[in-house]
Amino acid sequence: MNAPVNVKPRGRQFFNNPGPTNIPDRILRAMDRPVMDFLAPEFLEIQRACMAGVKRILKTDQNLFIHASTGHGAWEAAVANLFSPGETVLVVETGYFSLGWKEMGETLGLKVETLPADWRKGVDISKLAERLAKDKAHEIKAVFAVHNETATGMVLPLAEVRRAIDEARHPALLLSDTISSLGSMDYKMDAWGVDVTVGGSQKGLMMPTGMALTGVSDKAMEASRTSKMPKYYFNWELMNARKPQRFIGTVPVHFFFGLHESITMLEEEGLDAVFARHARLAEATRAAVRAWGANGKGPTLYGQTPDRLSNSVTTVLMPEGVSSDGLRKAALERYNLSLGGGLGPLMGKVFRIGHLGDLNEPMLLGCLATTELAMTTAGVPFAKGGVDAAIESLAGRA
Ligand code: PLP
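Definitions and cut-offs
Residues numbered from 1 in each chain as written. Predicted model: local features only at pLDDT ≥ 70, side-chain atom pairs only at ≥ 80, totals over all residues. Heavy atoms only, no water. Buried < 20%, exposed > 50% of the residue type's maximum accessible area, 1.4 Å probe, protein only. Helix = DSSP H or I, 4+ residues; strand = E, 2+ residues; numbered from the N terminus. Pairing = 2+ DSSP bridges. 1 Å grid on protein atoms, 1.4 Å probe; cavity = no way out; pocket = protein on both sides within 12 Å on 5 of 7 lines; lining within 4 Å. Points joined across faces, edges and corners; volume = space filled by probe spheres on them. Nonpolar A, V, L, I, M, F, W, Y, C, P; charged D, E, K, R; others polar.

Caption draft 1: Summary view of the pairing of strand β10 (residues 212-216). In terms of residue burial, β10 counts as a mostly covered element, since five of its five residues are buried. Covered by surrounding structure in β10 are Ala212, Thr214 and Val216 together with Leu213 and Gly215, the residues of both alternating faces. Judged from the five bridges that link them, strand β2 (residues 63-67) and β10 form a sheet pairing that is antiparallel. Bridge pairing links histidine 67 to alanine 212 in β10. Examined bridge by bridge, strand β9 (residues 196-200) and β10 share five bridges and lie antiparallel to one another. In the strand pairing of β10, valine 196 is matched with valine 216.

Here it is in structure tokens:
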């Protein structure tokens, strides 16, 4: 990198982490108001509207719980409410976050088997059907699937996962993590036969970090009645019994003010338009990355299965022997652009461009152009033309 320059960043930071994401001023303003009693009719109406709105985004008519926690809390809620210590579940390996959910399950006392997969290609779903077909005694109680693996930038087609479970005539529940796809990519909880969906506030919902949700099918509610895992704060039955607020402890009213605005914004734009915008921005990002690597020396797309590349985050593989640290440092410290780093074994080997949430074409082009600038500053080899390729893509000419 060039000698450090004493620059004080000015202007807005360009924030392209794959979560948390930019919080729109409208949501900040909606939360900037005096507190309210969480049992007041005015608040209960806001909370009711939020619950209904989240169900519309999840595309479910079944049960929903909202927690004051990050996504990890909703992961834990799912495990603690559905199972008993010693039971077996199967995690479909997608990357860092699938292994995190596995670690949590093991820590809480489950026997967790992994269906292994190449992180760059994604799992071969026929292997899931094969594994389940072998489980004649139905020891596997559930399949855990991360819909959008934020570490690799790859999607797991949940409808195909459900088909594999059904074809094996297996009664396993399907648990899905939609933390980095909710509100960015279409999600059809009921149509896809998902039993439990775990989501968080700080990505596609454009909210501060600290609110999580769990969508629960009637079948999963039934299964939760025999669970022996210890639980209290995340106990769904206890939550349901705390009427009318359905919350253990103080309800975080400001989060609900923000969530209400988030749902309003998503629905004003129209969910299909939101998903189409994410698809456009993602395709432009991929076009830029393909151009950077076109000389055979530059960064390339980490994901190798084109129809599984995520529309909310792109994971970019650095050239052999070049760490992503210098590039990310230059981007942040010199140019005030925040990019995501690699997680777990991908640390230093990749960087991640988040293109989800409150983002438009100029913001994305600013990010891509500044990434080129930071690559130049950090001495990363790359082919020119990434921004041009993104422009062609956005203009519909690619
Ligand atoms: N699952 C996925 C796919 C994620 O991207 C994340 C966070 O980035 C998590 C789980 C963990 O969520 P949280 O950080 O909100 O606890």
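And the narrative resumes.
Caption draft 2: Structural context of the layout of surface pockets. If you add up the space inside the largest pocket, you get close to 310 Å³. Around the largest pocket sit 18 residues that line it, and His72, Phe97, Ile179, Gln202 and Lys203 are the ones nearest its centre. Considering each element in turn, the lining of the largest pocket owes the most residues, three residues, to helix α3 (residues 71-82). Of the residues contributing to the lining of the largest pocket, the split by class is six nonpolar, nine polar and three charged. The space that makes up the second largest pocket amounts to roughly 230 Å³. In this structure, the second largest pocket is lined by 13 residues; those nearest its centre are Arg12, Gln13, Asn22, Asp358 and Met363. Counted by class, the lining of the second largest pocket contains six nonpolar, four polar and three charged residues.

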